[in-house]
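# Chains, contacts and geometry: an overview
Listed below, chain by chain, are the residues.
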Amino acid sequence: MFRNRFSLETARPRLSLLARLAAATIAGGLLAGCMAMDVASLAEAPQLSNKVKAEMSKKKMRPESPVLVRIFKQESELEVWKVDASGKYALFKTYPMCRWSGKLGPKTKSGDRQAPEGFYHVSEGMLNPNSQYYVSFNLGYPNRLESALGYTGEALMVHGACSSSGCYAMTDQGVGEIYAIVQKALDGGQQRFQVQAYPFRMTTQNMAKHKGDPNMPFWRTLKEGYDAFAFTRSQPKVSVCGGRYVFDREFVDGEPSDPLAQCPAAVGENDLMAKIGAEQKKLDAAFAGATPVSSFAYVDGGMHPSFRTLLKKQGAKGLAAQISRTKYPVSRPDAALADPYDD
């Protein structure tokens, strides 16, 4: 059943062998950690299947229309959104995630195995058709805010297989389809697409469950971006000042240049800012009456329930053979089965 869920097609590579070798050589010097290059194996970049095109047509989406990606750690899911005939973003498809590592919370340093949380923007040059893990795209961690805060790390990816050391592993089938979708949008004129990476779906109820977590101040900021997208169904404009993200705000003197300096004066308050403020007040009320659940502790990241079922039935080697063309080993399978658990 899983094999039929993702149908992939390949086509002739659009780049010459020489050009692709050159691109791989340049990119190879930049990548490390959970992402590596395999120059000796030049896989053809996946193309949109007729099935995916038909699914888009049913939802009044064009293959070349803009795309936006949302990632949720706790649920181990990745969403692909596309602009439809209304001119707004609509959910195209939700993909189960095979593996992410670390725990809930942002990535702050190299080697912490944390998959990042935040707002990222992916351009054409950040797509890699020659990955060790089939195909991938780089999130661009650390972004401007993370760099200013002194966070370290590199080559944090969305890629194939089911192995993670700070990345989001989607299986070869899953990442192949996602890659083809975002590539088509970039070919269609979108200069870069936004990736929103969250610890969990940021409903008031979920936030209240985690109210005792030390990451809550940061997560409240992420929720502002989450709510901005929910209210507008448009890609939120992300600014950085005061050591935090600021969404859909215009400033009197233009965009702030120093991520850590106090935010400059804004051009009034719009309806969206008022709505986001109202959501923050709802959080305050929910926190006042909520009893947080036991902290969500992770041995090492998580795995979507559908893949856990396969891991239990088939074992790590069986799962790897089913979701990776190179049978790339599942990372820390015992931890994947144990997570998450409550203290």
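Check the entry above for the structure.
Read on for a plain summary of the structure. (Residues numbered from 1 in each chain as written. Predicted model: local features only at pLDDT ≥ 70, side-chain atom pairs only at ≥ 80, totals over all residues. Heavy atoms only, no water.)

### Comments concerning the overall build of the protein chain
Spelled out, the test is: Elements are defined by DSSP. Helices are runs of H or I of four residues or more, strands are runs of E of two residues or more, and each kind is numbered from the N terminus. Burial here depends on accessible area, computed with a 1.4 Å probe over protein chains only, as a share of the maximum for the residue type. Under 20% is buried, over 50% is exposed, and the range in between is partly exposed. Only heavy atoms matter for contacts: two residues are in contact if any of them lie within 4.5 Å across the pair. Where accessible areas are quoted, they stem from the Shrake-Rupley method and a 1.4 Å probe; at the residue level, only the protein chains shown are allowed to cover.
Helix and strand content of the protein chain: 10 helices and 16 strands. Within the span of the protein chain, comprising 343 residues, buried residues form 50% of the whole. Pairs at least 24 apart in sequence give 66% of the contacts found in the protein chain among residues at least 6 apart. Carbon and sulfur atoms make up 53% of the accessible area of the protein chain, which totals about 15200 Å².

### Some thoughts on the sheet that holds strand 12 (residues 192–198)
What counts is decided by this rule: By this definition, two strands are paired if DSSP reports at least two bridges between them. Note on geometry: axes are lines fitted to C-alpha atoms, helical ones only across the stretch in contact, with angles between N-to-C directions running from 0 to 180 degrees.
The five strands lie next to each other as 5-4-3-12-7, forming an open sheet whose pairing is mixed. Only two strands of the sheet have a single neighbouring strand rather than two, namely strand 5 (89–96) and strand 7 (118–123). Shown here is a sheet whose adjacent strand axes are inclined to one another by a mean of 20°, direction ignored. Alignment of strand 3 (residues 67–72) against strand 12, held across five bridges, turns out to be parallel. Directly across from I71, in strand 12, lies its bridge partner A197.

### Considering the sheet that holds strand 8 (residues 127–131)
Adjacent strands of a sheet form backbone hydrogen bonds with each other and so pair up, either parallel or antiparallel. As summarised here, the arrangement of the five strands in space is 6-11-10-9-8, forming an open sheet in which the pairing is mixed. Of all strands in the sheet, those bounded by a partner on one side alone are strand 6 (99–100) and strand 8. Summarising the sheet, strand 9 (residues 134–138) and strand 10 (residues 157–159) pair through three bridges and their orientation is antiparallel. Among the inter-strand pairings, S136 is bridged to a residue of strand 10, identified as H159. Those strands touched by helix 5 (residues 172–187) are strand 8, strand 9 and strand 10, and its axis lies near 55° from that of strand 9.

### Notes on the pairing of strand 12
Counted residue by residue, strand 12 has six buried out of seven residues, so it is predominantly covered. Relative to strand 12, strand 7 is paired through six bridges, and the arrangement is antiparallel. Residue Y120 lies in a different strand from strand 12, and its bridge partner there is V195.

### A closer look at the packing of aromatic side chains
Applied cut-off: In this scheme Phe, Tyr and Trp rings, the latter by its six-membered ring, pair at centre separations within 6.5 Å, and the angle between planes marks the pair as stacked below 30 degrees, edge-to-face above 60, and tilted otherwise. Only when the NZ atom of a Lys or the CZ atom of an Arg is both within 6 Å of the ring centre and within 35 degrees of the ring normal do we say a charge sits over the ring.
Applying the stated criterion across every chain, the model contains 13 aromatic pairs. Judged by centre distance (6.1 Å) and plane angle (55°), the ring pair of Y89 and F229 falls under tilted. Remark: F229 occurs in helix 7 (residues 216–232) and Y89 occurs in strand 5; sequence separation between them is 140 residues. The pair Y89 / F229 is uniform in exposure class, with both members buried. A cation over an aromatic ring shows up here: R325 above the ring of Y134, its NZ or CZ 3.9 Å from the ring centre.

### With respect to the packing of helix 7 against helix 8 (residues 271–289)
The axes of two packed helices give the description: the angle between them and the distance between them. The condition is simple: Angle categories are assigned with fixed cut-offs, so that under 35 degrees is roughly parallel, over 145 is roughly antiparallel, 65 to 115 is roughly perpendicular, and the rest are oblique. Take the far helix as the reference: if the near one is turned anticlockwise from it by less than a right angle, the crossing is left-handed, and if turned clockwise, right-handed. Residues are sorted three ways: Asp, Glu, Lys and Arg are charged, Ala, Val, Leu, Ile, Met, Phe, Trp, Tyr, Cys and Pro are nonpolar, and all the rest, Gly among them, are polar.
Running from N to C, helix 7 and helix 8 cross one another at 135°; their axes reach a closest spacing of 10 Å. Accordingly, the angle class assigned to the pair helix 7 and helix 8 is oblique. Pair helix 7 / helix 8 crosses with right-handed handedness. Side by side, helix 7 and helix 8 meet where M216, R220, K223, E224, D227, A228, F231 and T232 of the first sit next to L272, K275, I276, E279, Q280, L283, D284 and F287 of the second. Here the contact of helix 7 with helix 8 is composed, by residue class, of seven nonpolar, two polar and seven charged.

### Topic: the pairing of strand 4 (residues 77–83)
Among the seven residues of strand 4, seven are classified as buried, and the element is accordingly described as predominantly covered. Summarising the sheet, strand 3 and strand 4 pair through six bridges and their orientation is antiparallel. Among the inter-strand pairings, R70 is bridged to a residue of strand 4, identified as E79. Following strand 3, the chain reverses through four residues before pairing antiparallel with strand 4; S76 in that reversal takes a positive phi of roughly 50°.

### Observations concerning the state of the cysteines
Structurally, a disulfide amounts to a covalent bond that connects the sulfur atoms of two cysteines. Convention followed: Disulfide assignment relies on a single distance test, namely cysteine sulfur atoms paired within 2.5 Å.
Within this structure, the stated rule accounts for two disulfides. A sulfur-sulfur distance of 2.1 Å marks the disulfide that ties C98 to C162. Disulfide C98 to C162: torsion about the S-S bond roughly -90°, handedness left-handed. Taken together, the residues span a long stretch of sequence, with C98 in the loop between strand 5 and strand 6 and C162 in the loop between strand 10 and strand 11 (168–169) at a distance of 64 residues.

### Focus: helix 9 (residues 305–323)
Let me state the cut-off plainly: An expected span of 1.5 Å times one less than the residue number is assigned to each helix. Bending is quantified residue by residue as the angle between axes fitted to the seven-residue window ending at that residue and the seven-residue window starting at it.
Under the 1.5 Å per step criterion, the end-to-end length of helix 9 is only 15 Å for 19 residues, more than 12% shorter than the ideal 27 Å. Maximal helix bending in helix 9 amounts to about 115°, located at G315. Buried within helix 9 we find F307, R308, L310, L311, L319, A320, Q322 and I323.

### Focus: helix 5
In this model helix 5 runs 22 Å from its N-terminal to its C-terminal C-alpha over 16 residues, within 8% of the 22 Å that 1.5 Å per residue would give. A large share of helix 5 lies buried, amounting to 14 of its 16 residues. Two residues or fewer after helix 5 comes G189, characterised by a positive phi angle close to 120°.

### Some thoughts on unusual backbone geometry
A cis amide bond links Y141 with the next residue in sequence, P142, at an omega value of -5°. On the secondary structure map, P142 appears in the loop between strand 9 and helix 4 (144–148). Backbone geometry at Y134 places phi at a positive 75°, although glycine is not the residue there. Tracing the backbone shows Y134 in strand 9. Unlike most non-glycine residues, K327 shows phi in positive territory, near 55°. Inspection of the secondary structure assignment puts K327 in the loop between helix 9 and helix 10 (333–338). For K327, a relative accessible area of 57% puts it in the exposed group.

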